[in-house]
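# Coordinate analysis (summary)
Read off the chains here:
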Amino acid sequence: MEIIKNNKINETEYIETLENGMKIIVIPKKNTKKKYVIWSTKFGSIDNNFIDPTTNTEVKVPDGVAHYLEHKMFENENGVDSLYKMMALGLDANAYTTNDHTAYLFGCTDNFYEGLDELMDFVQHPYFTDENVEKERGIIGQEIGRYDDEPSWELYVNAMDCLYKNNPIKLDIAGTVESISKITKEILYSCYNTFYHPSNMVMCISGDFEPEKIIEEVKKRLIPREKMAEIKRIYPEEPKGINKKEKEANMGINMPLFMIGYKDELQEDKVKEDLAVQIIFNSLLGKSSKVYQELYNEGLLQTSLDSSYEYSKTYAHALIGGESPNPKKVYEKIKETIKNEEISKEDFERSKKKIYGDLVSEYNDVENIGRMYLSDAIKDVNSMEYIDKIDDISLEYVNEILRKLFKENESIISIVK
Amino acid sequence: MNIIKTEGFKTNLYAIFLTVPLNKKEVTINSLIPAVLRRGTEKYPNQLEINKKLEEMYGASFNCGVDKMGDYQVLKFYMETLSNKYLPEKQNAVEFLKDLVFNPLIENDSFKKEYVDQEKENIKRIIESRKDNKSKYSLDRCIEEMFEGEMYGIYKFGSIEDLEKIDEKNLYEQYKKIINEARIDCFSCGEEIEKIDIPVKRDKEEQVKCELQEHSIKNKEIKEQMDVSQGKLIIGLVTPEGEKSVVSVYNAILGGGANSKLFQNVREKASLAYTAGSSYIRRKNTIFIKTGIETSNYDKAVDIIKKQIEDMKNGNITDDEFNSAKQLIMANLNLIPESQEDLIAYYFDQKLYDENLSLEDYIKSIEKVTKQDVIDLAKDVKLDTIYFLHGQENGKK
């Protein structure tokens, strides 16, 4: 077992990789009654084309299958739905699908081991029939309909469409009503057998636990599976550069939303780069920046910009989102700022302090910890690295990222009106 | 002054609440006060200085806003900082929070005109953009219809018409009045926390109080058409005054989570919706049922929902439904100590309504509820208002 202790935040991380390839991360936390577990497979909406390691043949599946599978995992042969069973135990249970993973989770104060029994049972026992797969189509159709009315979702998908020509991150995670109409129980089983193998899965646990003991409890509940070779995912070739400069959608909303994006093709240490991007955004466009105050005073911005850096193994981009009565004007101002400004020593030091504070606050809640470690682990990143690297980052490095990622790069804008 | 000791958090949270009875004439002007206060203090006269200071404090955060709590309007101010253990140097969070609330930037006996004008414009935009968020809008509209002519029916940001009458002078007058007359509650939550003492002298110290306003059943059915691909159905129920713990269990059986009647029957059995549930507004004796459905399924959905309410009246509640509802409530209550914000919200609500029930006692009161209690109560639950925000019949935009 690997043990990583961080004295600055007074937290310790225990990492165990089991023989079957599954990774378990435990972050023990005293003084809390809440316990949280999240179990995930590296199977998301972008994994729609792959080589089945057992048959060595190429498989293409309809869009939205990872999400459909997530819905159906709760089904059991005895007719009991595992989600309801967990909720009846008083657990806050849920599941979600992103572009690169599917996760099953619960938080609770009581009945943790009963919950772990159920969670590990249903994730390891798929039960799909023609009838139960059919029944779900209406519900998922309504879920897709709900996203259609969600301007912020439309905004994001369009931003991805501007940044990427082929990368499936531009697809709707739930698929479309048309694509999910092709999903059958055979497709679900085939995806399950490939992607829900322990070697493709990660579990994170946080709460008042003894690490060795809880890892034993997990191992006890694992069903032995044959070893499996690595899954080869086939992603379409993504050309350099952006797909299109802008996309505008009309949804009849009063306050237009915008999202500005920069596609990142640099081969950097992504944790370090993420921190550098955060420092850049905070210094140049954050609430304590001159530009933000000007935009605010001119009535062009009402709430702070929502900036983020997103990356996985197949993509990386920096995003700046916000609402404005005149997104184009904000866009011009931001582009001009990024082109002409450098990060000053003063802004750099202050931004580092702020980001340090934000990182430490993440450790307030076991649920937050579990989610953070899990989503980082999917990208082969250890969350603890952030706390260590924020101290080492230099002003020169930040300005270099500013130049390479922003100044010399073409940007996109997505607008929803 | 309230101190809530917690262990294990990396942060301390401080809060100041100014509470006044909801009032149609003053709701708009009051909602503008936090927005202007956060623009500048005597010491830090603009947002740039305030935000720089917050960042220098290792990412302290200041938040403020207005809320409706029953028939009260509450102006809320929060400051969150890292607790001393994780700070390289101690920070004076309480002083800063007090400054933001009690020492605003004043020019010629009024607020700064520029700030007031800008924040008026901002609130105007919020009011104009109400329809952008369809789920929130439909709930707000149901509340407005159900509580038409009553205090609780007032929209928390007020109206554009009233906004236009506000200037830097009368806003400052209103601010002084609020500081003098509002009920003030301060909370400190965390480890090694400081007390917040109120730095102003007030004319009278008795706390404002408002009686729960009588509600008259409306029996309304409102349909509003908009460009939506999914219809939003909201149904308001009136619950009897009295044992709130019994109503909590009633609500959880009806629509609290995946084992509830609504989720099981509207979503699972009829496949009409992705979400279906209800929430209980304790301080207004009201339950709101919420679901998103196709426009053409309106009648079907309303029938199924009415049937669930009838079933509860007739005592058709299984042991599973009853037990999992109780579990759900307990689980939520057990999580309150895990969030500093929730702890403060819980104790503030208890104080405001003079109940002063500890969390432990509150949990016990839920434990005591029997199925028969719920059935007896179900007979007195009344349907009040049905609100439906829908698109065109064919379901397409």
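Remember, it's a predicted structure, so these values are computed and weren't measured experimentally. (Residues numbered from 1 in each chain as written. Chains lettered and ligands numbered in written order. Predicted model: local features only at pLDDT ≥ 70, side-chain atom pairs only at ≥ 80, totals over all residues. Heavy atoms only, no water.)

Within chain A one finds 15 helices and 15 strands. The C-alpha radius of gyration computed for chain A amounts to 22 Å, which stays within 12% of the reference 22 Å derived for 417 residues, consistent with globular compactness. Along the first, second and third principal axes, the C-alpha atoms of chain A reach 65 × 50 × 40 Å. A distance of 3 Å separates the average location of the 54 positive side-chain charges in chain A from that of its 76 negative side-chain charges. (Helix = DSSP H or I, 4+ residues; strand = E, 2+ residues; numbered from the N terminus. Rg over C-alpha atoms; globule rule 2.2 N^0.38 Å. Lys, Arg positive; Asp, Glu negative; His and termini not counted. Charge placed at Lys NZ, Arg CZ, Asp CG, Glu CD.)

Before going further, it helps to examine the interface of chain B and chain A. Counting residues at the interface gives 53 residues for chain B and 56 residues for chain A. Of the roughly 5000 Å² buried at the junction of chain B and chain A (both faces included), carbon and sulfur atoms supply 47%. Among the residues of chain B in contact with chain A, Lys10(B), Glu55(B) and Tyr274(B) are the three that bury the most area, contributing 14% of the side total. Our enumeration of links across chain B and chain A arrives at 4 salt bridges. Glu268(B) is the salt-bridge partner of Lys135(A), the closest N and O atoms lying 3.6 Å from each other. On inspection of chain B and its partner chain A, the count reaches 30 residue pairs in polar contact (both at pLDDT 80 or more). Of all elements in the fold, only helix H2 (47–56), helix H4 (113–128), helix H9 (261–269), strand E11 (286–293) and helix H11 (319–335) of chain B reach the threshold of two or more residues within the side of chain B that touches chain A. Along the lines of polarity and charge, the residues of the side of chain B that touches chain A split into 16 nonpolar, 18 polar and 19 charged. (Contact = heavy atoms within 4.5 Å. Buried area = accessible area lost by both parts, 1.4 Å probe. Salt bridge = Lys/Arg side-chain N within 4 Å of Asp/Glu carboxyl O. Polar contact = N/O pair within 3.5 Å; in protein donor to acceptor, adjacent residues only side chain to side chain. Nonpolar A, V, L, I, M, F, W, Y, C, P; charged D, E, K, R; others polar.)

Moving on to the state of the cysteines. Going through the model one piece at a time under the given rule, you end up with 0 disulfides over all chains. Here Cys204(A) is not cross-linked by a disulfide; its sulfur's nearest cysteine counterpart is in Cys108(A), at 16 Å. (Disulfide = S-S within 2.5 Å.)

What follows deals with the domain arrangement of chain A. All names here are of chain A. The domains assigned to chain A are domain 1 (2–233) and domain 2 (246–416). Placing the centre of domain 1 and that of domain 2 at their C-alpha centroids yields a distance of 28 Å. Taken together, the 45 residues of domain 1 in the interface contact 45 residues of domain 2. Buried surface at the junction of domain 1 and domain 2, both sides included, amounts to about 3800 Å², of which 69% is carbon and sulfur. Applying the counting rule to domain 1 against domain 2 returns 4 salt bridges. Among the ionic pairs, Lys34 bridges to Glu367, the shortest N-O distance being 3.1 Å. In this assembly, domain 1 and domain 2 are joined by 15 residue pairs in polar contact (both at pLDDT 80 or more). Listing elements by their share of the side of domain 1 that touches domain 2, those giving two or more residues are strand E1 (2–6), strand E2 (11–17), strand E3 (23–28), strand E4 (35–41), helix H5 (151–163) and strand E9 (201–207). (Domains from an automatic or database assignment.)

A word on the pattern of salt bridges. Pairs can form between side chains of opposite charge whenever their charged atoms are close. Using the criterion set out here, one finds 80 salt bridges over all chains in the structure. One salt bridge in this structure joins Glu346(A) and Arg350(A), with 3.7 Å as the shortest N-O distance. Of the two residues, Glu346(A) and Arg350(A) both sit in helix H12 (residues 345–361), 4 residues apart, roughly one turn of that helix. On the accessibility criterion, Glu346(A) (48% relative accessible area) is partly exposed. Between Glu408(A) and Arg403(A) there is a salt bridge, with the nearest N and O atoms lying 3.3 Å from each other. According to the relative accessible area criterion, Glu408(A) is exposed, its value standing at 54%. Each of Arg130(B), Asp140(B), Arg141(B), Glu144(B), Glu145(B), Glu148(B), Lys220(B) and Glu224(B) takes part in a single network of salt bridges with overlapping partners. (Buried < 20%, exposed > 50% of the residue type's maximum accessible area, 1.4 Å probe, protein only.)

In terms of nonpolar packing, the biggest core is built from 73 residues, with Ile320(A), Tyr373(A), Leu405(A) and Phe406(A) touching the most fellow members. The element best represented in this core is helix H9 (residues 270–285) of chain A, accounting for 9 residues. Discounting residues that sit within four places of it in the chain, Leu405(A) has contacts with Tyr262(A), Lys263(A), Asp264(A), Leu266(A), Glu273(A), Val277(A), Tyr309(A) and Ala318(A). The next biggest cluster of nonpolar side chains, apart from the first, holds 61 residues, and it includes Ile304(B), Ile305(B), Ile366(B) and Ile386(B). (Core = buried A, V, L, I, M, F, W, Y, C linked by side-chain atoms within 4.5 Å.)

Attention now goes to the packing of aromatic side chains. Counted according to the given criterion, the structure contains 34 aromatic pairs over all chains. Ring plane angle 75° and centroid distance 6.5 Å describe the contact between Tyr164(A) and Tyr315(A), whose orientation is recorded as edge-to-face. Placement of the pair is Tyr164(A) in the loop between H5 and helix H6 (177–180) and Tyr315(A) in the loop between strand E13 (306–311) and strand E14 (316–323), with a sequence separation of 151 residues. According to the relative accessible area criterion, Tyr164(A) is buried, its value standing at 2%. Site record: aromatic cluster; members linked through ring pairs are Phe74(A), Tyr104(A), Phe122(A), Tyr192(A) and Tyr196(A). Between Lys335(A) and the ring centre of Tyr331(A), over which it is positioned, the NZ or CZ distance is 4.1 Å. Above the ring of Phe17(B), the side-chain terminus of Lys76(B) is found at 5.8 Å from the ring centroid. (Phe/Tyr/Trp six-rings, centres within 6.5 Å; stacked < 30°, edge-to-face > 60°. Lys NZ or Arg CZ within 6 Å of the ring centre and 35° of its normal.)

Each regular strand carries side chains that alternate between the two faces of the sheet. Residues and elements named next belong to chain B. Across 9 bridges, the pairing between strand E3 (residues 61–69) and strand E4 (residues 72–82) is antiparallel. Bridging across to E4, Ser61 finds its partner in Glu80. The loop that links E3 with its antiparallel partner E4 comprises 2 residues; one of these, Gly70, has a positive phi angle of about 60°. (Pairing = 2+ DSSP bridges.)

All names here are of chain A. Taken in spatial order, the 5 strands make up an open sheet running E11-E15-E12-E14-E13, and their pairing is mixed. Single-partner strands in this sheet number two, and they are strand E11 (246–249) and E13. When strand polarity is set aside, the average angle formed by the axes of neighbouring strands in this sheet is 15°. Here 4 bridges tie E11 to strand E15 (residues 411–416), and the two strands are oriented parallel to one another. Within E15, the residue paired with Glu248 across the bridge is Ile415. The strands that H9 touches are E13 and E14; relative to E13, the one it contacts most, it runs at about 165°. Packing of helix H11 (residues 327–340) onto the sheet brings it into contact with E11, strand E12 (257–263), E14 and E15, and relative to E15 it is tilted by some 160°. (Axes fitted to C-alpha atoms, helices over the stretch in contact; angles between N-to-C directions.)

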